[in-house]
Amino acid sequence: MVSVVQRSIMRLPEKYRLLPVMFGAVLIHISLGTYHTFGNMLPYMASYLRNRTDPHSTLEEMIWVPTMQGCFPFAMVIGGVLSHFVGPRLACALGCYLMSCGVYFSSFTIQHSVSSFFFTYGFMYGLGQGIAYVVAVATVINWAPDRVGLVSGIVAAGFGVSSSIFAPIQTHLVNPTNFATGEDGYFKEAELLDRVPGVFRTLGMTYMIMQGIGLIFITDPKDTPPSPSLSSLYNCFFSSSTRRPSSFSSVRYSSLRTHDDDVIALTSKVRHRSVSRDSSIEDEQDEERGRSDSESSNDGEEKKSMNPREVLSSSTFYFLFCALFCCSFYANTFYNLYKTFAETFIADDIFLAWAFSLGSIANAAARIGWGQLTDKTSFQTALSLACCLASFLLLTMPMTPMGGKTFFLVWLILLFTCMAATHALFITATVRCFGAKYKATNYGLCVLSTTFSGIALSLLAQYELHALGYNWLFLITSVFPFIAFGISTTIQITPQGHRIAS
């Protein structure tokens, strides 16, 4: 099947070959991007578990689900290795169906126990999502290596806009009559609770169909170079210098016969060639000098890029790591708890679903805007603007009940716009600080901070949210983007000695 699809795509005019692959990758990413609808599903899942499965289950402990889905960075590495050994389609299919099966099986595990539900909707979902995410993006890039930013941005937009499509669908499937939560934040209506397991089966089957169609077009072009092996990954981390091939690596040696006739013939040939050798020696020296100059130029480019081992020894990496930790902490807090907070003063579940949909659209569009602002100004300028605005919005979030639905909707859209900067800016900062050669691995190391921020948020929500309340939670969270602003302004000079804004 791979060869048939590949041949069919290669028969298209060159400028159209990317389109079917892009279509497949975007369709897959739309299904994967439902990760961001956790906040919309949270009241339904928590209410079902508390009323039907485990009366001791709480809404706060459900925050561990997106934290388990945060195995994303580790799954990316697994996806890259699988793609090398079994090909992009099979690797992507494994990730897609692991994720969609996790959703489908959650319809049964949510009726069984909290821990089994965490495994299917948390771990299986996150592992599959990470594997499929990186393979789909890498495949598209292989078809357009000279337009990496554009094509990866389009695929990422599919991931970002996904929640604007599926959040209203989820609410329509579970709560079409627009029931409101009780004072404790849980739904009690039996007919609503009866629909919760079925929504996972419907969504799981929908994802499988979307992914099955998208996988048809996941194939590499004919001349794609092989992916780096595990030994290459080891050398990337632990080799301190690049090994150069020997100048004599292509010379072959053989035994020389010493019979008289052969010696005479060999001597004759040497004498015959001596004149031509002397006449061409200058050309060879010029060619050698040209190669030396080219190697020196390449060495200069190599020195601009730091391998992961060098990055981990750089203080700049830890500044970026901490800044991303702070940005992801405030973003995950609002992503996951916006709805449960809003339900304390807005008794309109359908409105909240559409509000989240509008916020997701703003988030997807803002990713492009923040990237363009960074190109025209600097990483610090864009991140400072986003962080300062986010800090103000979180600080004033407890005032939104005074303004009702409209006030909350405006704050939600503005905050979703700020959160888009996290996805758009840190990959740029990683490249500008550490170079482009190892950008994927270096950025993957940086993204590990999002896992730690997820764990911190889960612990805070489970043990302190009930005592703190949402108002104090948002006031505390408002400090994090301000800390990220302070950290980003201190990063002026890269480890290579040039300004990060350059």
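Residues numbered from 1 in each chain as written. Predicted model: local features only at pLDDT ≥ 70, side-chain atom pairs only at ≥ 80, totals over all residues. Heavy atoms only, no water.

Colleague: I tried to follow the packing of helix α6 (residues 88-109) against helix α9 (residues 190-215) on my own but got confused; where do I start?
Modeller: Packed helices, taken two at a time, are described by their axes: the angle between them and the distance between them. For the pair α6 and α9, the least separation of the axes is 6 Å and the interaxial angle reads 170°. When the axes of α6 and α9 are compared, the pair comes out roughly antiparallel. As α6 packs across α9, the resulting crossing turns out to be left-handed. Classifying every residue of the contact of α6 with α9 gives 16 nonpolar, six polar and two charged. (Axes fitted to C-alpha atoms, helices over the stretch in contact; angles between N-to-C directions. Helix = DSSP H or I, 4+ residues; strand = E, 2+ residues; numbered from the N terminus. Parallel < 35°, antiparallel > 145°, perpendicular 65-115°, else oblique. Left-handed = near helix turned anticlockwise from the far one by under 90°. Nonpolar A, V, L, I, M, F, W, Y, C, P; charged D, E, K, R; others polar.)

Colleague: Where do I start with the packing of aromatic side chains in this structure?
Modeller: What describes a pair of aromatic rings is the distance from one ring centre to the other and the angle between the planes of the rings. Under the criterion given, the structure shown has 31 aromatic pairs. Centroid distance Y104 to F105: 6.2 Å. Interplanar angle 70°. Geometry classified as edge-to-face. Ring geometry for F119 against F123: centres 5.7 Å apart, planes inclined by 25°, an arrangement best described as stacked. Placement of both F119 and F123 in helix α7 (residues 114-143) is noted, with a separation of four residues, approximately one turn of the helix. A relative accessible area of 35% means that F123 is categorised as partly exposed. Chaining the aromatic ring pairs together yields one cluster made of F334, Y335, Y338, F341, F345, F356, F408, F416, Y470 and F474. In this arrangement the basic side chain of R201 is found over the ring face of F108, its NZ or CZ atom lying 5.9 Å from the centre. K405 extends its terminal NZ or CZ atom over the ring of F351, reaching a point 5.2 Å from the ring centre. (Phe/Tyr/Trp six-rings, centres within 6.5 Å; stacked < 30°, edge-to-face > 60°. Buried < 20%, exposed > 50% of the residue type's maximum accessible area, 1.4 Å probe, protein only. Lys NZ or Arg CZ within 6 Å of the ring centre and 35° of its normal.)

Colleague: Just checking my understanding: could you explain helix α13 (residues 315-342) for this structure?
Modeller: Residues spaced three or four apart along an α-helix point in a common direction, a consequence of the helix completing one turn every 3.6 residues. With 28 residues, α13 ought to run about 40 Å at 1.5 Å a step, and its terminal C-alpha atoms sit 40 Å apart, in line with that. Maximal helix bending in α13 amounts to about 45°, located at N336. α13 sits mainly inside the fold: 23 of its 28 residues count as buried. Backbone nitrogen of T316 and a side-chain oxygen of the N-cap are separated by 3.2 Å at the start of α13; the cap is S314. (Expected span 1.5 Å × (residues − 1). Bend = angle between axes of the 7 residues up to and from the residue. Polar contact = N/O pair within 3.5 Å; in protein donor to acceptor, adjacent residues only side chain to side chain.)

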